[in-house]
Amino acid sequence: MYRTNTCGELNESNIGQKVILAGWIQTIRDKGFLTWIDLRDRYGITQLVFDEQRTDKNLIDKAKKLGREFVIQASGTVIERSSKNPNLPTGAIEILVEELSILNPSLVPPFTIEDETDGGEELRMKYRYLDIRRNPVKEKLIFRSKVAQLVRNYLSQEGFIEVETPVLIKSTPEGARDFVVPSRMNPGQFYALPQSPQTFKQLLMVGGLDKYFQLVKCFRDEDLRADRQPEFTQIDCEMSFVEQEDILRTFEGLTKHLLKELKNLSFDKFPRMTYAEAMKKYGNDKPDIRFGMEFIEFNEELQNSGFKVFDDAELVVGINVEKCAVYTRKQLDELTDWVKRPQIGASGLVYIRYNEDGSIKSSVDKFYSEEKLKVVIQKANAQPGDLILILSGQAHKVRPQLSALRMELAERLGLRDPEVYAPLWIVDFPLLEWDEEENRYVAMHHPFTSPKPEDISLLDTHPGEVRANAYDLVLNGNEIGGGSVRIYNKELQGKMLSLLGFSQEEAEAQFGFLMNAFKFGAPPHGGIAFGFDRFVAILGGQEVIRDYIAFPKNNSGRDVMIDAPSYIHEQQLEELNLKITKE
Ligand code: ASP
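Rules of the game
Residues numbered from 1 in each chain as written. Predicted model: local features only at pLDDT ≥ 70, side-chain atom pairs only at ≥ 80, totals over all residues. Heavy atoms only, no water. Salt bridge = Lys/Arg side-chain N within 4 Å of Asp/Glu carboxyl O. Buried < 20%, exposed > 50% of the residue type's maximum accessible area, 1.4 Å probe, protein only. Pairing = 2+ DSSP bridges. Helix = DSSP H or I, 4+ residues; strand = E, 2+ residues; numbered from the N terminus. Axes fitted to C-alpha atoms, helices over the stretch in contact; angles between N-to-C directions. Contact = heavy atoms within 4.5 Å. Core = buried A, V, L, I, M, F, W, Y, C linked by side-chain atoms within 4.5 Å. Parallel < 35°, antiparallel > 145°, perpendicular 65-115°, else oblique. Left-handed = near helix turned anticlockwise from the far one by under 90°. Nonpolar A, V, L, I, M, F, W, Y, C, P; charged D, E, K, R; others polar. Disulfide = S-S within 2.5 Å. Near = heavy atom within 4 Å. Polar contact = N/O pair within 3.5 Å; in protein donor to acceptor, adjacent residues only side chain to side chain. Areas by Shrake-Rupley, 256 points an atom, 1.4 Å probe, with all protein chains shown as cover. Phe/Tyr/Trp six-rings, centres within 6.5 Å; stacked < 30°, edge-to-face > 60°. Lys NZ or Arg CZ within 6 Å of the ring centre and 35° of its normal. Arc of directions from axis to C-beta.

*Asks:* So what's going on with the pattern of salt bridges? Which residues, and what values?
*Replies:* Applying the stated rule across the entire model yields 45 salt bridges. A salt bridge links lysine 84 to glutamate 80, with the nearest nitrogen and oxygen atoms 2.8 Å apart. The exposure class assigned to lysine 84 is partly exposed, which follows from its relative accessible area of 39%. Residues joined in a network through salt bridges with shared partners are Glu121, Arg124, Arg128, Asp131, Arg134 and Arg546.

*Asks:* Explain the pairing of strand E18 (residues 432-435) residue by residue, including any values.
*Replies:* Pairing of E18 with strand E19 (residues 440-443) involves four bridges; the strand directions are antiparallel. The partner of tryptophan 434 across the bridge, within E19, is tyrosine 441.

*Asks:* Explain the sheet that holds strand E3 (residues 44-51) to me, using residue names and the numbers behind them.
*Replies:* Strand order in the closed barrel made by the five strands is E1-E2-E3-E5-E4, with mixed pairing throughout. The sheet shows a mean angle of 55° between the axes of neighbouring strands, taken without regard to direction. On the sheet, helix H1 (residues 57-64) packs against strand E1 (18-30), strand E2 (34-41), E3 and strand E5 (93-104) and is oriented at approximately 65° with respect to E5.

*Asks:* How would you sum up the nonpolar core? Please name residues and give values.
*Replies:* Among the nonpolar cores identified, the biggest contains 41 residues, and Val147, Leu155, Phe251, Leu258, Trp425 and Phe530 are the most heavily contacted of them. If near-sequence neighbours (up to four positions away) are discounted, phenylalanine 251 is found in contact with Leu155, Phe160, Cys237, Met239, Trp425, Ile528 and Phe530. Met279, Leu432, Met496 and Leu514 belong to the second largest nonpolar core, which has 30 residues in total.

*Asks:* Give me the environment of isoleucine 528: which residues, what numbers.
*Replies:* For isoleucine 528, the location among the structural elements is in strand E22 (residues 525-531). Sequence-wise, isoleucine 528 and asparagine 478 are 50 residues apart; in three dimensions their C-alpha atoms are separated by 16 Å. Setting aside its immediate chain neighbours within four residues, isoleucine 528 contacts Lys201, Ile235, Asp236, Cys237, Glu238, Phe251, Trp425, Tyr471, Gly481, Gly482, Gly483 and Arg486.

*Asks:* Report on the sheet that holds strand E17 (residues 423-427), specifying residues and quantitative values.
*Replies:* In any sheet, the strands associate via hydrogen bonds between backbone groups, in a parallel or an antiparallel arrangement. Spatially, the eight strands line up as an open sheet ordered E6-E9-E10-E22-E21-E20-E17-E11, and their pairing is mixed. Of all strands in the sheet, those with a lone pairing partner are strand E6 (161-162) and strand E11 (272-274), marking the two edges. In the sheet, strand E10 (residues 231-240) pairs with E22 via seven bridges, with the strands oriented antiparallel. Looking at E22, one finds that methionine 239 is bridged to glycine 526. Contacts from helix H6 (residues 244-263) reach E10, E11, E17, strand E20 (470-475), strand E21 (478-485) and E22, with the element oriented near 30° to E22. Contacts from helix H7 (residues 275-282) reach E11 and E17 within the one sheet, and its direction differs from that of E11 by about 85°.

*Asks:* Requested: an account of the packing of helix H10 (residues 329-340) against helix H12 (residues 395-412), with residues and values cited.
*Replies:* With their axes 11 Å apart at the nearest point, H10 and H12 run at an angle of 135° to one another. Here H10 is positioned oblique relative to H12, judged by the angle of their axes. Judged by the sense of rotation from one axis to the other, the crossing of H10 with H12 is right-handed. Along its contact with H10, which presents Glu334, Leu335, Trp338 and Val339, the element H12 presents Ala404, Leu405, Glu408, Leu409 and Arg412. Its residues placed into classes, the contact of H10 with H12 shows six nonpolar, no polar and three charged.

*Asks:* Could you give an account of the state of the cysteines, naming the residues involved and the relevant values?
*Replies:* For the structure shown, the criterion picks out zero disulfides. Among the cysteines around cysteine 237, which has no disulfide bond, cysteine 218 carries the closest sulfur, lying 12 Å off.

*Asks:* Help me get a handle on the site of the ligand, residues and values and all.
*Replies:* Contacts to the ligand come from 13 residues, most closely from Gln198, Lys201, His445, His446 and Arg486. Within the side chain of histidine 445, one N or O atom sits 2.8 Å away from an oxygen atom of the ligand. Here an oxygen atom of the ligand and a side-chain polar atom of histidine 446 are 2.9 Å apart. In the complex, 88% of the free accessible area of the ligand, which totals 270 Å², lies under the protein chains. Only helix H5 (198-206), E21 and E22 provide two or more residues apiece to the shell around the ligand. In terms of residues, the shell around the ligand owes the most to one element, E22, which gives three residues.

*Asks:* Could you give me a rundown of the pairing of E2, with the residues and numbers involved?
*Replies:* Taking burial as the measure, the eight residues of E2 include eight buried ones, the bulk of the element. Along E2, one buried face is formed by Leu34, Trp36, Asp38 and Arg40 and the opposite face, lined by Thr35, Ile37, Leu39 and Asp41, is buried too. By the bridge criterion, six bridges tie E1 to E2 in an arrangement that is antiparallel. Across the sheet, the residue bridging to isoleucine 25 is leucine 39, located in E2. Turn length for the E1-E2 hairpin, with the two strands adjacent in sequence and antiparallel, is three residues, and the turn residue glycine 32 shows positive phi of about 80°. Sheet analysis places E2 next to E3, joined by eight bridges and oriented antiparallel. Note that in E3 the partner of aspartate 38 across the bridge is glutamine 47. Hairpin connection between E2 and E3: a loop of two residues separates the two successive antiparallel strands.

*Asks:* Give me the lowdown on the packing of aromatic side chains, citing residues and values where you can.
*Replies:* Applying the stated criterion to the full structure yields 13 aromatic pairs. Their ring planes at 75° and their centres at 6.2 Å tell us that tyrosine 127 and tyrosine 129 sit as a pair that is edge-to-face. For tyrosine 129, a relative accessible area of 45% corresponds to the partly exposed category. Three or more aromatic residues link up through ring pairs in this structure, and these residues are Phe160, Phe251, Phe530 and Phe535. Here the basic side chain of lysine 140 rests over the ring of tyrosine 548, its NZ or CZ set 5.8 Å away from the ring centre.

*Asks:* Can you explain H7? Please cite residues and give values.
*Replies:* For H7, the complete set of buried residues consists of Tyr275, Ala278, Met279 and Tyr282. Down the axis of H7, the buried side of the element spans an arc of 105°, and every buried residue falls inside it. Looking at the buried residues of H7, the elements they touch are E11, H12 and E17. Positive phi appears at glycine 283, one or two residues downstream of H7, with a value of about 65°.

As structure tokens, this is what we get:
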């Protein structure tokens, strides 16, 4: 037997017992006549003691030669500590060691295996297996496992069946870029790794499985801006004979269950907002509603007063930043520079300070009388001490710019409290969006999303105005899930593909299998997928998904531990009928 107990479980009730422990050496403290070792395993830390008066001399010598991260097995007796550590569950006892074996020595680790480590990100990623020994990383992985289990249990209880779908599938032109895998047995041909199991889960509905789910790896070869991973996990789900309402109810139920079990938080019905409303109020389809600062449009109040910037703008829109009239000129200049950075792209920032004493100071005093500014202040419902910030320009550009400013200010003002959870559904997404580069419509969600029945007549005349039965679940400014009611009729699916620019032949070649299946009695169906990594991170009170993935990739999509991607042998290339032309 390697061990009778773990390093996290012994306490005063075990005093006098003979035990065997195994684990890694966290620290050794050699005080001459006494030597202590902190022994660590997944479950905790237990102190071992070697005492000149009570321990065999050879054993003490052996202990003094041990090093950090050696793997050892120690047997001895549980004794009461003379100076207890109340912060440690095992802090009242220690093990007076009687036997010791070194199971494996260790090199000195390249960074300290402590909660606060001296290792930088790159180094910790290279030695991720050492990083995982640290509590903050280990606990996140345990937390992830717990969330996965809750999800599996909940959905299983609701009658969902877990089905695995293939990983080697077919490349499709819609959506993000595919990762592809050459086929040795079919020279010149490639599989693609799934961006999601979308068509397969729909086929499972045609297959009559009724309720499907899977915790599934998905792959998207995108540029890895801000905390994205090329391979990530989804909670992927599909249901038959349902309307949008049934799907929202089911997955609101799942989300509430997780928030209750993990955070002990209870929620009434989640609020809902249409896409149009979210864009108008927050300039964003995943608004963080933990704080206000809703957009206020000032076209009526501020145009036609001779300030050309506003007069020429399609939209003049602002936010009221509470209690920030005290911002100095320097702070306001800095904010102006912030919105003018190329990433945000605003041309300028107008402010109206509504000072505590009731006076008003604005960067556009020249163009507006005090009365006019008062009207603006009233519309914004600003109180003395508040600051109104205004942007202007083309609506589709200004909204995201002001949204970015709103989020930045919330961050600076500490309004994004990770312990506050504010879920909401965004519904009624547009079916299509115009792609300026490709000069055609693309699906806003994906090509299998059903238009709202009442909007179908607009498909021919005003496709841009057609709304979809598509929805996102948003939590604290993050889209954590999204899905739709699907098209299940061959003709409508064909029409949708033709709107997206597919010729009949292309549609047949790419999605013939699905449209064919629709000829054999497809049930009405719909579903959703949650981004599991992000969901777990947010439930864990953080937003960095990398921390919740055992072996994540870096920003260039590399796994620095195994050093992938990598070159392959000439022979492998030959077998695959591939030639590298550029390195
Ligand atoms: N497959 C979709 C996605 O990955 C989700 C869904 O429509 O169920 O975004």
